[in-house]
Amino acid sequence: MELKYLTSSSSIVFTGRALLLPKCCVYNAERLVRASLSNGHVLHEWKTLCATINGQVESQVTKPKSLKEAVDLISRLNKVDQGNGGGDADKVVDGLSFLQVGNLVPSTQRSELAALNLPRPLSISCGQVSDTLRGTSIRVAYQGVPGAYSEAAAAKAYPNCETVPCDQFEVAFQSVELWIAERAVLPVENSLGGSIHRNYDLLLRHHLHIVGEVQLPVKHCLLALPGVRLSDIRRVISHPQALSQCENTLTRLGLQAAREAVDDTAGAAQFIAENGIRDTAAIASSRAAQIYGMNVLAEGIQDDCNNVTRFVMLAREPIIPKLDRPFKTSIVFATEGTTGSLFKVLSAFAFRNINLTKIESRPQRRKAAGGVCNIKKRCFEYLYYIDFEASMADQRAQNAMREVQEFTSFLRVLGSYPMDMAP
Ligand SMILES: O=C(O)C(=O)C[C@]1(C(=O)O)C=C[C@@H](O)C=C1
């Protein structure tokens, strides 16, 4: 079955033959339909898409009650759409691209994860959304391929989840927006390498909410094909963050090797294994070594043993902030550009004894998603991302935000969520 759909910020529109999906996780229409049947909220989406695709079929279309009905419906819509000459296929918004739909490839690594005895799950017992999801097999999108640290972070955050690999961060955001996954787990900062800027930019461009955080100790290994020795290595490939987290150790190991950045750590191992490359090593996890049949040439090669990556969990809906346990809140804002405005924003928290755990500045690019964006475009204007240790249910945080509003031209709460208190 072939389908195509576009997305705007609020609705999904099927338009033809292909389906916007991550390259590395191929789905078929049946899977999409199954996903939508399993979730009551999708009723609205069904109506939207059916109404949007073609006014004529609107009255005949109701949400399918079974998989068969849904598949029949899609066939019918396809026929109608082909009759319309491909529908709105050219109206691609936000630079989304289309990929062909293939056969269903189950992405779950659940049994493997269980067998590997991954770190004890973070308890996310706060808030109704996380309660609903505890112990259920939700789909969680991450960037990378099986064996990536992001996959381990997803399993730590949602112990029984079905992980959905995505080839780019942007695709992970989209898969939640398009109801393919219920959550995305994405890295935002590493204790050695610093911020993952791309995800800060994407948090602003998309409408998802931060509903939790999880910190994952990252222990890198140098992997090569069986039989390859350290002295054979002429090239080391990995995610740029992983390369930077191991730079000193690579030099200490005396490697005469060029560094090359690829999309993710496990993907680097997969690439070497699939192509039988014998002069190249990958920096990746020991789990990636198991999955792709690689040898571990060196273990724990990160420059500091305290190498921790912080990931955020993203959802379509925010969770309700509470006061029964420590919360963190993440905001993004643009100052008015007047003298001292950033200082005034920061002091709104300091005066209320609210601790800031992170501040990040990113160049303003274009109008942000959501909120009222009143950005007068000039070069070298910045957006500021701040994490502070308080729940939005806390009166102090509400007062601080009221004050912050006075000195900002744009302000958005990205999420108020339970802090990961793991040591
Ligand atoms: O490539 C991976 O395995 C990832 O999960 C990505 C990522 C990152 O983006 O920082 C995550 C954790 C590690 O710090 C290195 C890489």
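Note that this is a predicted model, so its numbers are computed, not measured.

With respect to the overall build of the protein
Step number 1: From N to C terminus, the protein includes 14 helices and 17 strands.
Step number 2: Evaluated residue by residue, the protein yields a buried proportion of 44% over its 423 residues.
Step number 3: For the protein, the share of sequence-separated contacts (at least 6 apart) that also reach a separation of at least 24 residues comes to 76%.

Digging into the site of the ligand
Step number 1: Inspection of the region around the ligand gives 15 residues, with Ala 148, Ser 150, Gln 241, Asp 264 and Thr 265 positioned closest.
Step number 2: Taken together, the elements giving at least two residues each to the shell around the ligand come down to α6 (149-157), β5 (183-190), α9 (240-245) and α11 (265-275).
Step number 3: Residue contributions to the shell around the ligand reach at least three from each of two domains, namely domain 2 (110-217 + 308-314) and domain 3 (221-299).

Things to note about unusual backbone geometry
In terms of backbone geometry, most residues other than glycine have negative phi values and most peptide bonds are trans.
Step number 1: Its identity as a non-glycine residue notwithstanding, Trp 179 has a phi of 65°, on the positive side.
Step number 2: Structurally, the position occupied by Trp 179 is in the loop between α7 (169-177) and β5.
Step number 3: Within the chain, Asn 353 stands out as a residue other than glycine whose phi angle is a positive 60°.
Step number 4: Among the structural elements, Asn 353 can be located in the loop between α13 (341-350) and β15 (356-363).

What to know about the nonpolar core
Step number 1: Membership of the largest hydrophobic core comes to 91 residues, with the highest contact counts inside it found for Ala 184, Val 185, Leu 223, Ala 269, Ile 283 and Leu 314.
Step number 2: Among the elements that make up this core, the one with the highest residue count is α6 (six residues).

Considering the packing of α7 against helix α8 (residues 197-205)
Step number 1: The geometry of α7 relative to α8 is characterised by a closest axis approach of 10 Å and an angle of 30° between their N-to-C directions. Of the possible angle classes, the one that applies to α7 and α8 is roughly parallel. Crossing geometry of α7 relative to α8 is assigned as right-handed. Only Arg 198, Asn 199 and Leu 202 of α8 make contact with α7, whose side of the interface consists of Phe 169, Glu 170 and Phe 173.
Step number 2: A class-by-class count of the residues in the contact of α7 with α8 yields three nonpolar, one polar and two charged.

Points about the sheet that holds strand β16 (residues 382-388)
Think of a sheet as strands paired side by side through backbone hydrogen bonds, with each pair either parallel or antiparallel.
Step number 1: Strand order in this open sheet of four strands is β15-β16-β14-β17, and the pairing throughout is antiparallel. Edge positions in the sheet fall to β15 and β17 (408-418), since each has one partner strand and no second. The average undirected angle you get between the axes of adjacent strands in this sheet is 15°.
Step number 2: Sheet topology note: the β15/β16 ladder contains seven bridges and is antiparallel. Bridge assignment links Glu 360 to a residue of β16, and that residue is Tyr 385.
Step number 3: Each of β14 (327-335), β15, β16 and β17 touches α8; the most contacted strand, β15, lies at about 80° to it.
Step number 4: Most of the contacts of helix α14 (residues 395-406) go to β17, to which it runs at about 160°, and overall it touches β14 and β17.

A few points about the environment of Val 228
Step number 1: Mapping Val 228 onto the fold places it in the loop between β8 (221-224) and β9 (235-238).
Step number 2: Taking the C-alpha atoms as reference, Val 228 lies 9.7 Å from Ile 277; in sequence the two are 49 residues apart.
Step number 3: When residues no more than four places from it in sequence are discounted, the contact partners of Val 228 are Arg 278 and Asn 295.

Thoughts on the pairing of strand β4 (residues 162-166)
Step number 1: In terms of burial, β4 is a largely internal element, four of the five residues being buried.
Step number 2: The pairing of strand β3 (residues 139-143) with β4 spans five bridges and is classified as parallel. Residue pairing in the sheet places Ala 141 in a bridge with Val 164 of β4.
Step number 3: Note on the crossover from β3 through α6 to β4: the handedness is right-handed.

A look at the confidence of the model for the protein
Step number 1: For the protein, per-residue confidence averages 75 on the pLDDT scale, and 65% of positions sit at 70 or higher.
Step number 2: Between residues 1-61, whose pLDDT stays under 50, and residues either more than four places distant or in other chains, the model counts 147 contacts.
Step number 3: The low-confidence segment residues 80-132, where pLDDT is below 50, has 98 contacts with residues more than four positions distant or belonging to other chains.
Step number 4: Overall fold confidence (pTM) sits at 0.69, and the ipTM for the predicted complex is 0.90.

Focus on the sheet that holds strand β12 (residues 295-299)
Step number 1: Pairing within the open sheet is mixed, and its five strands lie in the order β10-β9-β11-β8-β12. The outermost strands of the open sheet, each flanked by one partner alone, are β10 (258-261) and β12. Looking at each pair of strands side by side, their axes are set apart by 30° on average, direction ignored.
Step number 2: The pairing of β9 with strand β11 (residues 280-284) spans three bridges and is parallel. Within β11, the residue paired with Arg 235 across the bridge is Thr 280.
Step number 3: Across the sheet, α11 lies against β8, β9 and β11, angled at about 150° from β11, the strand it touches most.

Some points on the packing of α13 against α14
Step number 1: Direction vectors running N to C along α13 and α14 enclose 170°, while the axes themselves pass 9 Å from each other. Judged on the interaxial angle alone, α14 and α13 are roughly antiparallel. In this structure, α13 uses Val 345, Ala 348 and Phe 349 to contact α14, whose residues at the interface are Ala 400, Glu 403 and Val 404.
Step number 2: Per-class residue counts for the contact of α13 with α14 are five nonpolar, no polar and one charged.

Digging into the environment of Phe 327
Step number 1: Here Phe 327 shows up in strand β14.
Step number 2: Since 24 C-beta atoms lie within 10 Å of it, Phe 327 is described here as buried.
Step number 3: For the pair formed by Phe 327 and Met 392, sequence separation is 65 residues and the distance between their alpha carbons is 8.3 Å.
Step number 4: Non-local contacts of Phe 327, meaning those with residues more than four positions away in its chain, are made with Pro 321, Lys 322, Ala 390, Ser 391, Ser 416, Tyr 417, Pro 418 and Met 419.

About the criteria used
Residues numbered from 1 in each chain as written. Predicted model: local features only at pLDDT ≥ 70, side-chain atom pairs only at ≥ 80, totals over all residues. Helix = DSSP H or I, 4+ residues; strand = E, 2+ residues; numbered from the N terminus. Buried ≥ 20, exposed ≤ 12 C-beta atoms within 10 Å, placed from the backbone. Contact = placed C-beta atoms within 7 Å. Near = placed C-beta within 6 Å. Domains from an automatic or database assignment. Core = buried A, V, L, I, M, F, W, Y, C linked by C-beta atoms within 7 Å. Axes fitted to C-alpha atoms, helices over the stretch in contact; angles between N-to-C directions. Parallel < 35°, antiparallel > 145°, perpendicular 65-115°, else oblique. Left-handed = near helix turned anticlockwise from the far one by under 90°. Nonpolar A, V, L, I, M, F, W, Y, C, P; charged D, E, K, R; others polar. Pairing = 2+ DSSP bridges. Right-handed = clockwise from strand over helix to strand, strands pointing away. pLDDT = per-residue confidence, 0-100.

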